[in-house]
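Summary of the model geometry
The residues making up each chain are set out below.
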Amino acid sequence: MSQTITIDPVTRLEGHGKITIQLNDQGEVENANFHVTQVRGFERFAQGRPYYEMPSLMARICGICPVSHLIASAKACESIMSVKIPHTAAQLRRMLNLAQTVQSHALSFFYLSSPDLLLGMESDPTARHIFGVVAAKPELGRAGVALRRFGQHIIELLGNKRIHPGWVVPGGVTEPLASAKRDEILAMIPEAYANIKLALTAYKHIAESFQPEIEVFANFPSLYLGLINEDESVEFTDGALRLIDAKGEIVEDGITATRFNEVIGEAVEPYSYTKFAYYKPLGYPAGSYRVGPLARLNIAKTMGTPLADWELGQFKQLAIGPVQSSFHYHHARLIDILYGIEKIEEILSDPRILDTHVRATAGVNRLEGSGQAEAPRGTLNHHYKVDENGLITWANLVIATGQNNNAMNIGVLQAAKHYIKKGKFTEGILNRVEAVVRTFDPCLSCSTHALGQMPLVLTLLNADGEQVDQVVRN
Amino acid sequence: MTQSPIRCLILACGNTLREDDGVGPWLAAWAEERFRDNPAIRSIALQQWTPELSEDIAAAGSVLFIDCAIDAAPGSVRLTSVEPGDAPAALATHHLGPAQLLSLSQELYGSIPRASLLLTIGAASINLREGFSDIVSAALPEARTLLEQAVARLLTPTPKP
């Protein structure tokens, strides 16, 4: 008798999603899907708005990575304006994006995933949260809280708000950096280094005991997409995209924001509101790929900063060619944080960062524009069309979670097939299937985080829809 | 950049786009203006109280939490003491309550303010709208008065035994 298991909602994610697992008559997993159940409407309700409002509007898509939307949106607007922004403005935006990456990764690693890593996949689910982490490893809990504050405080200093700063505008930024703020950020750097070094050391030790999970957590060959500089160093804000295959060979290079929709398509599946991005020449689903920390590190030949470069060398030793298991997103995320701290220090050490020329001005010079950046979770592309008055007539956003969508589904199926046998499952197994999705750190929220509690109910139904078994987590 | 020690941290929570849920940030903005000449008082308004605030709380002499209450009589204004509490039974990753924040401050930094109060205003409606319901609007003078009294109380040194 066939059965369906539903995990709804999946916990410790940004937003709401659910997982269904279909079993066959022998109780073996036949299929599994990760569903995103929220509806986004930003592309539609942006229509009719002036293009210069877009960064502020689009930032509201997300409460955790609004800076990436701000930057991709501003760049799309600058494409419409045909302007090149001042060097200092570009560097200030780069720093803002890296600060966001640090705080977002700290949230993902320390708050959402470290309970599994420190306490165990089978541990008491009521203790799997930041309090549990603090009780088990207080120094790691402090490091996580401090790194998140580090990123948030830089955002607040630059943009005058922790969330949805309005500082990034088409043409640059609204105001230059004051020397007092620069000095305040530089003063925070030593503690940030100490915290990320502690986390990296702890993670490498912990990961040794998760080899079974590493083997089945979305561990499969795929394409990888990410921004890269001309010197093949990792990039978050400018540069161009590179797509590599499972052997590390370059499939497509120099993908600018304008070329993005020439090579990347979006498919639709009936079980999810999130689209499925794919590389057009290979079609869907063969052209599906992964983005985010794992992809960035697989693509980059160098980080471009000394400490992160050393860590990248260690990371690359995890596999011959690209690192395939999505479990290693955790490791890559920590290296991203280290890189972010180093790069912020480097940017602030350049006296030109205090230059007061931080904004270029222009009107509508093109009727279409695109912008791209690396959000913490991966590549983000904004594409707009305007009329001659600069009013938006069409908009399309390709977000990182959509680009990882097929990989998340493959990963959920892989883990479910491995762990669920003869229709039997435990809360620990349920948690492992969820944890596969958590490695990608998908951001399902369309605006801000969901408020309140997120109860989880996993129900096993027979073919007649009758309940056979149930696990409830309140 | 040197800052004065914070003797009273005002920590408000709420969403100004959700009608009465925005009363906390509104009162925090009012307090910021009211006490702007006193560097020992700092006001922070956020949509959610997150774990990172535990460091600010640990470093403050006292803390006044402000929030709307959906389980209280609409328009009712209450001031209560807060003590450190256990971790919530349900997962709390993005949002913590005052008791949990105090507990986290204690666990992470070994310190909590010598006094902590919670000011709540009963919400009549938290629909998608800016502005407040009539009953909460009418309660604002009482809330402001209680807020001032609470700050005065928190700034009063505790007599030594």
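Residues numbered from 1 in each chain as written. Chains lettered and ligands numbered in written order. Predicted model: local features only at pLDDT ≥ 70, side-chain atom pairs only at ≥ 80, totals over all residues. Heavy atoms only, no water.

Here we take up the overall build of chain B. What chain B contains, in helices and strands, is four helices and five strands. Along chain B, helices and strands appear, N-terminal first, in the series β-α-β-α-β-β-α-β-α. For chain B, whose C-alpha radius of gyration is 15 Å, the value lies close to the compact-globule estimate of 15 Å for 161 residues. Expressed as a percentage of its 161 residues, the buried residues of chain B come to 52%. Across chain B, contacts joining residues at least 24 apart in sequence account for 81% of those joining residues at least 6 apart. Accessible surface, chain B as shown: approximately 7,600 Å² in total, 51% of it carbon and sulfur. Considering chain B, the positive charge centre built from 11 side chains and the negative charge centre built from 18 side chains are found 8 Å apart. (Helix = DSSP H or I, 4+ residues; strand = E, 2+ residues; numbered from the N terminus. Rg over C-alpha atoms; globule rule 2.2 N^0.38 Å. Buried < 20%, exposed > 50% of the residue type's maximum accessible area, 1.4 Å probe, protein only. Contact = heavy atoms within 4.5 Å. Areas by Shrake-Rupley, 256 points an atom, 1.4 Å probe, with all protein chains shown as cover. Lys, Arg positive; Asp, Glu negative; His and termini not counted. Charge placed at Lys NZ, Arg CZ, Asp CG, Glu CD.)

Attention now moves to the overall build of chain A. Along its length, chain A carries 15 helices and 16 strands. When each of the 474 residues of chain A is scored for burial, the buried share is 63%. Per element, the accessible surface of chain A, about 16,700 Å² overall, is 51% carbon and sulfur.

On to the nonpolar core. With 145 residues, the main nonpolar core has Ile21, Ile344 and Tyr384 of chain A together with Phe65 of chain B as its most contacted residues. Counting residues in hydrophobic clusters, the runner-up holds 28 residues, among them Leu64, Cys68, Phe132 and Leu147 of chain B. (Core = buried A, V, L, I, M, F, W, Y, C linked by side-chain atoms within 4.5 Å.)

A few words on the sheet that holds strand β12 (residues 368-375) of chain A. Residues and elements named next belong to chain A. Spatial strand order, β12-β13-β14: three strands in an open sheet with antiparallel pairing. The open sheet has two free edges, formed respectively by β12 and β14 (392-398), since each of these has just one partner strand. Here the strands of the sheet are splayed against their neighbours by 15° on average, with no regard to which way each runs. Alignment of β12 against strand β13 (residues 378-386), held across eight bridges, turns out to be antiparallel. Counted as the bridge partner of glutamate 374 is threonine 379 from β13. Sitting on the sheet, helix α3 (residues 66-81) touches β12 and β13, and the angle it makes with β12 is about 155°. (Pairing = 2+ DSSP bridges. Axes fitted to C-alpha atoms, helices over the stretch in contact; angles between N-to-C directions.)

The next point concerns helix α3 (residues 98-109) of chain B. The α-helix winds at 3.6 residues per turn, so residues separated by three or four positions along the chain end up facing the same way. Taking 1.5 Å of rise per residue, twelve residues should cover 16 Å, and α3 of chain B covers 16 Å from first to last C-alpha, within 8% of that figure. Three or more residues of α3 of chain B are buried, namely Pro98, Gln100, Leu101, Leu102, Ser103, Leu104, Ser105 and Leu108 of chain B. The inward-facing, buried residues of α3 of chain B abut α5 (130-136) and α6 (138-159) of chain A together with α2 (53-59), β3 (62-69) and β5 (115-122) of chain B. One or two steps after α3 of chain B, the chain reaches glycine 110 of chain B, where phi turns positive at roughly 65°. (Expected span 1.5 Å × (residues − 1).)

Moving on, we get to the packing of α6 of chain A against helix α7 (residues 179-207) of chain A. Residue and element names in this part refer to chain A. Closest axis-to-axis distance for the α6/α7 pair is 9 Å, and the angle between their directions is 150°. The orientation of α6 relative to α7 falls into the category roughly antiparallel. Seen along the crossing, α6 lies across α7 with a hand that is left-handed. Contacts from Glu139, Leu140, Ala143, Ala146, Leu147, Phe150, His153, Ile154 and Leu157 in α6 reach Lys181, Glu184, Ile185, Met188, Ile189, Glu191, Ala192, Asn195, Ile196, Leu198, Ala199 and Ala202 in α7. Here the contact of α6 with α7 is built from residues that sort into 15 nonpolar, two polar and four charged. (Parallel < 35°, antiparallel > 145°, perpendicular 65-115°, else oblique. Left-handed = near helix turned anticlockwise from the far one by under 90°. Nonpolar A, V, L, I, M, F, W, Y, C, P; charged D, E, K, R; others polar.)

Further remarks concern the sheet that holds strand β8 (residues 250-255) of chain A. All names here are of chain A. Taken in spatial order, the four strands line up as β8-β7-β6-β11 in an open sheet, and their pairing is mixed. Lying at the two open borders of the sheet, with one neighbouring strand each, are β8 and β11 (289-290). Pairing of strand β7 (residues 240-244) with β8, which is carried by three bridges, proceeds in the antiparallel orientation. Note that in β8 the partner of leucine 243 across the bridge is glutamate 252.

Residue and element names in this part refer to chain A. Counting through the fold element by element, asparagine 298 comes out in helix α10 (residues 293-299). Overall, the relative accessible area of 8% leaves asparagine 298 in the buried class. In terms of polar contacts, asparagine 298 uses its side chain to reach the backbone amide nitrogen of valine 323, at 2.7 Å. (Polar contact = N/O pair within 3.5 Å; in protein donor to acceptor, adjacent residues only side chain to side chain.)

A few words now on unusual backbone geometry. Residue and element names in this part refer to chain A. A cis geometry characterises the amide bond from tyrosine 284 onward to proline 285, with omega recorded as 5°. Summarising the element assignment, proline 285 is placed in the loop between β10 (276-279) and β11. One non-glycine residue with positive phi stands out, namely serine 82, at about 60°. Inspection of the secondary structure assignment puts serine 82 in the loop between α3 and α4 (87-119).

Okay, the pattern of salt bridges next. Taken as a whole and judged by the stated rule, the model has 31 salt bridges over all chains. For glutamate 52 of chain B, the salt bridge is made with arginine 148 of chain A, and the minimal N-O distance between the two is 3.1 Å. Note that glutamate 52 of chain B is positioned in the loop between β2 (41-46) and α2 and arginine 148 of chain A in helix α6, a pairing that runs across two chains. Here glutamate 52 of chain B falls in the buried class, since its relative accessible area comes to 0%. You can call arginine 148 of chain A buried: its relative accessible area is 6%. The salt bridge partner of arginine 432 of chain A is glutamate 213 of chain A, with a shortest N-O separation of 3.0 Å. Of this pair, arginine 432 of chain A sits in helix α15 (residues 427-440) while glutamate 213 of chain A sits in helix α8 (residues 211-216), and the two are 219 residues apart along the sequence. We note that arginine 432 of chain A, like glutamate 213 of chain A, is buried. What emerges from the salt-bridge pattern is a single network uniting Lys75, Arg94, Glu235 and Asp238 of chain A. (Salt bridge = Lys/Arg side-chain N within 4 Å of Asp/Glu carboxyl O.)

Okay, the environment of glycine 14 of chain B next. Residues and elements named next belong to chain B. By secondary structure assignment, the location of glycine 14 is in the loop between β1 (8-13) and α1 (23-34). For the pair glycine 14 and glutamine 48, spaced 34 residues apart in the sequence, the C-alpha separation amounts to 6.7 Å. Residues contacting glycine 14, with those up to four places away along its chain left out, are Asp21, Pro25, Leu46 and Gln47.

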